[in-house]
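Structure at a glance
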Amino acid sequence: MKLKLGVELAGIKMKNPVMTASGTFGWGREYAELVDLGKLGAIVVKGVTIEERQGNKPPRIWETPAGMLNSIGLQNKGVGHFIEEDLPFLGQYDVPVIVNVAGSSVDDYSAVCERLEQAQGVAGLELNISCPNVKSGGLEFGRDAEAAAELVKRVRANTAKPLIVKLSPNVADIAEIAKAVEAAGADGLSLINTVLGMAIDPETWHPRLANVVGGLSGPAIRPIAVRMVWEAARAVKIPVVGMGGILTARDAVEFFLAGAHAVAVGTANFLNPRAALDVLDGIEEYLERKRLTGIAEIVGKVELT
Amino acid sequence: MIFQAEAVVLKKEELASGVYRLTLLAKEIAQAAKPGQFVHMRLDGGDFLLRRPFSIHRRVSARAFQVLFQRSGRGTDYLSRVETPARLDVLGPLGTGFQVPEKVERLLLVAGGLGVAPLPFLLDELSGKIDVLALVGAVNKNRILVLPDLASRARVEVVTEDGSRGRRGLVTDVLPQLIQNHRPGIVLACGPEGMLRKVALMAAEANVSCQVSLERRMACGVGACLSCVCRTVDGFERVCEEGPVFDATRIVW
């Protein structure tokens, strides 16, 4: 029995519903020797900004119980370099490339999207709205429904590409943000991004991260992520990509049941470069064991009674 | 080329209190390895734990290599308790190793504590024509490690902080004089960052090339996550990719 694993998400055709999460897979090159990129459902590359960014001062990471904090600071060589150097490399593989877009202002995001609109090999955009909006005192776009909607509206007006918006979990009401972003024109949502966290060295009294506060990822955040995917998926009609601490296929199934149409594997790649493919294999085994024919049979199927 | 391999632990030796040497069978990694490179090891404790990086200590055969480490935290504690023939998920060989220029006739190695780790491999691969002086320092005589492995291929000067072996003091106390006497074409150093910074300064003052092997906490180990960066004159660079070995003059300490 052939399983139906193919997914069309926000207009992007994927051979399976397992993607790699932005920030954990670079721009594809580094893992290409270890993983057959062509087997992935999609690759979401690390965020690109209009100008090159140096990123934050180190130390940039700290391991925490069942997870890690990071404050990389969006180090990247800028969208121009990405288009010239990384896109052609990725184009060798039969895998949709979704470009994560970051910025400090609405103008920044628009400028990046404009450049990508002309580029070859971009299957879709993932808008990283967890960036601080410098024009509003550094509050993340994603923490305010109005700012998020305004940003999405501006970008939407300038791009015909599938537009997925990556939501921040650092909000009181994820459904509110999800609805605002859907109304503004998003084709899909992805969540969750990292949860704000901090660690302090008891000997030196200094924060473990030079940036003081960072983003928590890994298994520790999975219950938060599953809950938010569930809340967001119930609130919107557009499809949802679920992520947050997925290590195994069983973890991924939780997200499908909560309402995700696809999942992304991130921090797990650090433990196992083949994590996404192992999750994919495990999903197939799960569906076969449950005598299900495809992914559609589990999406949103959590039983509340 | 880098490989993800299931390495078999062939041997575990405790060289000093809390210091271990593991011999691992992993053919492709052993064959591809170059001195100064490292492996990124998965340590399962039934828990989420990032991989830990370890210098490749020595290639002992066409199929096996060694790592040297000190038990200092959860990861190394787990590793210190593996029993042969355990299997370990190893990624490698990774990073940019030592680059000894062709024309170098005399080499000065500087190692502090566990900084000796990458040196036996380097010595094994060096042309027999190069005259090597190894300056090795540690807190006391018990922490002077793998001396016979170094002494078989180099003249060794030992320095201990308590004077229990060799001269009393730090490697940096004797380095300037050794540079002057030995006149190396290049200095290669590995050890605590404070030591490396001083070695770099002394080499620069003597107008001698210097390479240092840096250590940073890592997540992916393959250059994708940008966690392990150090500051260089050209911006932030990855210790797992552009390093761990760097031209000392490029580092912004």
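Anyway, here's the lowdown on the structure attached to this text.

The rules behind the values
Residues numbered from 1 in each chain as written. Chains lettered and ligands numbered in written order. Predicted model: local features only at pLDDT ≥ 70, side-chain atom pairs only at ≥ 80, totals over all residues. Heavy atoms only, no water. Helix = DSSP H or I, 4+ residues; strand = E, 2+ residues; numbered from the N terminus. Rg over C-alpha atoms; globule rule 2.2 N^0.38 Å. Buried < 20%, exposed > 50% of the residue type's maximum accessible area, 1.4 Å probe, protein only. Contact = heavy atoms within 4.5 Å. Areas by Shrake-Rupley, 256 points an atom, 1.4 Å probe, with all protein chains shown as cover. Lys, Arg positive; Asp, Glu negative; His and termini not counted. Charge placed at Lys NZ, Arg CZ, Asp CG, Glu CD. Salt bridge = Lys/Arg side-chain N within 4 Å of Asp/Glu carboxyl O. Patch = residues over 30% accessible without salt bridge, like charges linked within 9 Å, V, L, I, M, F, W, Y side chains within 5 Å. Buried area = accessible area lost by both parts, 1.4 Å probe. Polar contact = N/O pair within 3.5 Å; in protein donor to acceptor, adjacent residues only side chain to side chain.

Within chain B, the secondary structure is distributed over 6 helices and 16 strands. Taking 2.2 N^0.38 as the reference for a compact globule, 253 residues should give roughly 18 Å; the C-alpha atoms of chain B span a radius of gyration of 17 Å, in line with that estimate. In terms of overall dimensions, chain B has C-alpha extents of about 50 × 40 × 30 Å along its principal axes. Counting the 253 residues in chain B, one finds 57% classified as buried. In chain B, once contacts between residues fewer than 6 apart in sequence are set aside, the share between residues at least 24 apart is 62%. In the structure as shown, chain B presents an accessible area of about 10800 Å², 44% of it carried by carbon and sulfur atoms. Charged side chains of chain B number 33 positive and 27 negative; the gap between the two group centres comes to 2 Å.

The next thing to look at is the pattern of salt bridges. Residues and elements named next belong to chain B. For the coordinates displayed, the defined rule picks out 28 salt bridges over all chains. Across the salt bridge formed by Arg58 and Asp124, the nearest N and O atoms sit 2.8 Å from each other. Of this pair, Arg58 sits in strand β5 (residues 58-59) while Asp124 sits in helix α3 (residues 119-125); the two residues are 66 residues apart in sequence, bridging distant segments of the chain. Under the relative-accessibility criterion, Arg58 is labelled buried at 18%. For Asp124, a relative accessible area of 37% gives the class partly exposed. Measuring nitrogen to oxygen at the nearest pair gives 2.7 Å for the salt bridge that ties Glu242 to Arg238. You can call Arg238 buried: its relative accessible area is 17%. Here the salt bridges do not stand alone but share partners, grouping Glu13, Arg21, Arg58, Asp124 and Asp149 into one network.

On the surface, a cluster of negative charge is contributed by Asp144, Glu146, Glu150, Asp173 and Glu176 of chain A. Relative to the elements of secondary structure, Asp173 of chain A occurs in the loop between β11 (163-166) and α4 (174-183).

This part takes up the interface of chain B and chain A. In this complex, chain B contributes 27 residues to the contact, which on the side of chain A involves 32 residues. Here chain B meets chain A over a buried area of about 2600 Å², counting both sides, of which 62% is carbon and sulfur. Interface area lost by chain B to chain A is led by Phe48, Leu226 and Phe236 of chain B, which between them contribute 28%. Here chain B is connected to chain A by 2 salt bridges. Where Arg52 of chain B meets Glu63 of chain A, a salt bridge forms, and the shortest distance between an N and an O atom there is 2.9 Å. Linking chain B with chain A are 6 residue pairs in polar contact (both at pLDDT 80 or more), by the criterion used here.

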